[in-house]
Amino acid sequence: MEIPTDQPSTLADFAPVLCAERFDEVVQYADAMTAKLPQRMYERLWKGRCGPDFTVEGCDETVRPVRLRVRWLQNGDATLGWHSIEVTSHVVQPAGGLALLPVRTIWTRHHAAQNQVPDEFLQFVSANPPAPRTAG
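Source: prediction; values computed, not measured.

The rules behind the values
The numbers attached to residues start from 1 for each chain and follow its sequence in the written order. Two thresholds apply to this predicted model, a pLDDT of at least 70 for residue-level local features and 80 or more for giving and counting side-chain atom pairs, whereas whole-chain, interface and lining totals are computed over all residues. The side-chain quantities take in all heavy atoms of the structure and omit both hydrogens and water. Stacked, tilted and edge-to-face pairs are distinguished by plane angle, under 30 degrees for stacked and over 60 for edge-to-face with tilted covering the rest, among Phe, Tyr and Trp rings (Trp via its six-membered ring) whose centres lie within 6.5 Å. Elements are defined by DSSP. Helices are runs of H or I of four residues or more, strands are runs of E of two residues or more, and each kind is numbered from the N terminus. Relative accessibility thresholds used throughout: buried, under 20% of the residue-type maximum; exposed, over 50%; partly exposed, between the two (1.4 Å probe, protein chains only). When checking whether two residues touch, look at their non-hydrogen atoms; a contact exists if any pair is within 4.5 Å. Only one rule defines a salt bridge in this text: a Lys or Arg side-chain nitrogen within 4 Å of an Asp or Glu carboxyl oxygen.

## Brief notes about the packing of aromatic side chains
Scanning the model with the defined rule gives five aromatic pairs in all. On the numbers, 5.1 Å between centres and 45° between planes, the contact of Phe23 with Tyr42 is tilted. Taken together, the residues span a long stretch of sequence, with Phe23 in strand E1 (residues 17–26) and Tyr42 in strand E2 (residues 39–47) at a distance of 19 residues. Residue Tyr42 is classed as buried on the basis of its relative accessible area of 1%. Here Phe54 and Trp107 contribute two aromatic rings whose centre-to-centre distance is 5.5 Å and whose plane-to-plane angle is 50°, an arrangement assigned as tilted. Here Trp107 lies in strand E6 (residues 98–108) and Phe54 lies in strand E3 (residues 54–55), a separation of 53 residues in the sequence.

Spelled out as structure tokens, the structure:
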């Protein structure tokens, strides 16, 4: 017999589909017209059930994520790190349906440091990093 727990569902319960990927590389030049190390921005967009229902800060309504956009930033030779997590959700209605108007939530590293980002989203981001590449 399995004992129910109050632990949140694991990410294996969610199967978002990767819809789009984007890569930008910006090279700036010093005063001597020599190229500095490039700044790289990676972006991935998933659609579908992108994580557990959660409560938006400052609001008592529960929302269900339906789209997840993650941006990673790499300055020069620095380690690639996530820059922002944008979640588009819909309010869960008492009858179990979803409201039509979307709710957008954006988290940064500041929010993560304040423990305001649900662990499931941080786990998802760390499990799905982009493959490093260069323009050319």
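## Some remarks on the environment of Ile106
If you trace the backbone, Ile106 turns up in strand E6. Taking the C-alpha atoms as reference points, Ile106 and Arg69, separated by 37 residues in sequence, lie 9.3 Å from one another. Discounting chain neighbours no more than four positions away, the residues touching Ile106 are Ser84, Ile85, Glu86 and His111.

## Comments concerning unusual backbone geometry
A positive phi angle, close to 60°, is found at Asn115, a residue other than glycine. With respect to the helices and strands, Asn115 occurs in the loop between helix H1 (109–113) and helix H2 (119–127).

## Concerning the pattern of salt bridges
Across all of its chains, the model carries eleven salt bridges by this definition. Across the pair Glu21 and Arg44 runs a salt bridge whose closest N-O atoms are separated by 3.0 Å. With Glu21 in strand E1 and Arg44 in strand E2, this pair connects stretches of sequence that are 23 residues apart. Here Arg44 falls in the buried class, since its relative accessible area comes to 14%. Taking the shortest distance from any N to any O, the salt bridge between Glu86 and Arg69 comes out at 4.0 Å. With Glu86 in strand E5 (residues 81–92) and Arg69 in strand E4 (residues 62–75), this residue pair connects regions lying 17 residues apart in the sequence. Exposure remark for Glu86: the relative accessible area of 6% places this residue in the buried category. Judged by its relative accessible area of 15%, Arg69 falls in the buried class. Connected through salt bridges with shared partners, the residues Glu43, Arg67, Arg69, Arg71, Glu86 and Arg104 form a single ionic network.

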